[in-house]
Amino acid sequence: MDKIRFEKVTKTFLIRDEKKKGAQREFTAIRDIDFSVKEGEFITLVGPSGCGKSTLLDLLTGLTRPTKGRLLIDGREITGPGLDRGIVFQQYALFPWKTARGNIEFGLEAKGIPRSEWKERSEYYLDLVGLKKFADRYPHELSGGMKQRIAIARSLAFDPDVLLMDEPFAALDAQTRETLQSELLRIWQKTGKTIIFVTHGIDEAVYLGERVVVLTANPGTVKKIVDIPLKHRLEDADIKSNPVFVEKRHEVWNLLHEPEFIGAHI
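Residues numbered from 1 in each chain as written. Predicted model: local features only at pLDDT ≥ 70, side-chain atom pairs only at ≥ 80, totals over all residues. Heavy atoms only, no water.

In the nomenclature of an unreviewed UniProt entry, the chain corresponds to ABC transporter ATP-binding protein from the organism Ureibacillus suwonensis.

Caption draft 1: Representation of the overall build of the chain in the model. Check the secondary structure of the chain and you find seven helices and 10 strands. At 19 Å, the chain has a C-alpha radius of gyration in line with the 18 Å of a compact globule built from 266 residues. When its C-alpha atoms are laid out on the principal axes, the chain stretches across 55 × 50 × 40 Å. The 266 residues of the chain split such that 47% are buried. Considering only contacts within the chain whose residues lie at least 6 apart along the sequence, 68% involve residues at least 24 apart. Here the chain has roughly 13,200 Å² of accessible surface; of this, 49% comes from carbon and sulfur atoms. Separation between the mean location of the 41 positive side-chain charges and that of the 39 negative ones in the chain comes to 4 Å. (Helix = DSSP H or I, 4+ residues; strand = E, 2+ residues; numbered from the N terminus. Rg over C-alpha atoms; globule rule 2.2 N^0.38 Å. Buried < 20%, exposed > 50% of the residue type's maximum accessible area, 1.4 Å probe, protein only. Contact = heavy atoms within 4.5 Å. Areas by Shrake-Rupley, 256 points an atom, 1.4 Å probe, with all protein chains shown as cover. Lys, Arg positive; Asp, Glu negative; His and termini not counted. Charge placed at Lys NZ, Arg CZ, Asp CG, Glu CD.)

Caption draft 2: Representation of the sheet that holds strand E9 (residues 211-215). The sheet built from six strands is open, its strands ordered E6-E7-E8-E3-E9-E10 with mixed pairing. Each edge of the sheet is formed by a strand with only one pairing partner; in this case those strands are strand E6 (85-88) and strand E10 (222-227). Between one strand axis and the next, the sheet turns by 20° as a mean value, whatever way the strands run. With five bridges connecting them, E9 and E10 associate as antiparallel partners. The residue of E10 that forms the bridge with leucine 215 is valine 222. Across the sheet, helix H1 (residues 53-61) is in contact with strand E3 (42-46), E6, strand E7 (162-166), strand E8 (194-198) and E9; its angle to E7 comes to roughly 150°. (Pairing = 2+ DSSP bridges. Axes fitted to C-alpha atoms, helices over the stretch in contact; angles between N-to-C directions.)

Caption draft 3: Representation of the packing of aromatic side chains within the structure. By the definition in use, this model includes seven aromatic pairs. The interplanar angle of 40° and the centroid separation of 5.2 Å between the aromatic rings of phenylalanine 95 and tryptophan 97 together place this pair among those described as tilted. Using a relative accessible area of 60% as the deciding quantity, one classes tryptophan 97 as exposed. Between the aromatic rings of tyrosine 124 and tyrosine 125, the centroid separation amounts to 4.8 Å while the plane-to-plane angle is 90°, which identifies the pairing as edge-to-face. Three or more aromatic residues joined by ring pairs form one cluster here, namely Phe42, Phe169, Trp188 and Phe197. (Phe/Tyr/Trp six-rings, centres within 6.5 Å; stacked < 30°, edge-to-face > 60°.)

Caption draft 4: The environment of leucine 71, seen in detail. Among the secondary structure elements, leucine 71 is positioned in strand E4 (residues 68-73). Owing to a relative accessible area of 1%, leucine 71 belongs among the buried residues under this scheme.

Caption draft 5: Focus on helix H5 (residues 174-191). The end-to-end C-alpha separation of H5 is 26 Å, in line with the 26 Å expected for 18 residues at 1.5 Å each. When H5 is considered as a whole, its buried residues turn out to be Leu180, Gln181, Leu184, Leu185, Ile187 and Trp188. Here the buried residues of H5 occupy an arc of 165° about the axis, which is enough to place them on one side. For H5, the exposed residues lying more than 90 degrees away from the buried face are Gln175, Gln189 and Lys190. The elements touched by buried residues of H5 are E3, helix H3 (118-128), helix H4 (144-157), E7, E8 and helix H6 (202-208). Among the residues of H5, the N-terminal cap falls to aspartate 173, whose side-chain oxygen and the backbone nitrogen of glutamine 175 are separated by 3.2 Å. A positive phi of about 70° marks glycine 192, the residue just after H5. (Expected span 1.5 Å × (residues − 1). Arc of directions from axis to C-beta. Polar contact = N/O pair within 3.5 Å; in protein donor to acceptor, adjacent residues only side chain to side chain.)

Caption draft 6: Structural context of helix H2 (residues 100-110). Of all 11 residues in H2, eight are buried, a share of seventy percent or more. On its buried face, H2 is in contact with H3 and H4.

Caption draft 7: Expanded view of the pattern of salt bridges. Applying the stated rule across the entire model yields 18 salt bridges. A salt bridge links arginine 70 to glutamate 7; the nearest nitrogen and oxygen atoms lie 3.1 Å apart. Of the two residues, arginine 70 is situated in strand E4 and glutamate 7 in strand E1 (residues 2-16); the sequence distance between them amounts to 63 residues. Accessibility expressed as a relative area gives 25% for glutamate 7, which makes it partly exposed. Among the salt bridges present, the one from arginine 211 reaches glutamate 41, with a minimum N-O distance of 2.6 Å. Of the two residues, arginine 211 is situated in strand E9 and glutamate 41 in the loop between strand E2 (24-38) and E3; the sequence distance between them amounts to 170 residues. The burial state of arginine 211 is the same as that of glutamate 41; both residues are buried. Among the charged side chains, a salt-bridge network with shared partners connects Glu178, Asp203, Lys240 and Arg249. (Salt bridge = Lys/Arg side-chain N within 4 Å of Asp/Glu carboxyl O.)

Here is the structure:
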């Protein structure tokens, strides 16, 4: 059974019409998005700026509704936010007055988990992201990579079915980003969560995703879904030299550089 299903999803907005003073016009962010995500699958989304990647995540969180079409989780239409979905943003969105442990426990409180279970759960997820020794540190005492690990742990702690990630590593340096990519794969393999990961990075999309959904320029539509049959990603220290990685990276690159993408920022 599909975990997530986009059924001909279109989203339009009213924006200011630059050509007519005081008037508005309709803007189509995404059009006829139609694909499924299986339970436990890791999907990456790539496309030029303004193609609607973040709009898709907003729809998945339930913060906004489709103009046309339907979006389903476990066969039920999404009608609003829910604790079956966790989200990790590019900016860490941690509470500065709470420790690492306190930030993780916030999600437990929101889900109504008994306080007596908080410590055990927070310890587990701190350990999962490799920060058990930093439980009592405040965000300003942590590096960027550590903050993002805490953000991931907080989203996992209340045990959502689906983890949504909106360019979570974009603000990090290259070395930290690569480390966290591997850590995320390890966490995914251990937890079996369904993950939808938005990125601008082609290498990141191919390394992380079991499938890469390539979106067209505005309005965003699905150009192609590329299967990535990479095995042993964590064991291969030079995965980017793997012939499968090279081939699939080239395919995604070509899709993003075909004529309709000219002039768009990838």
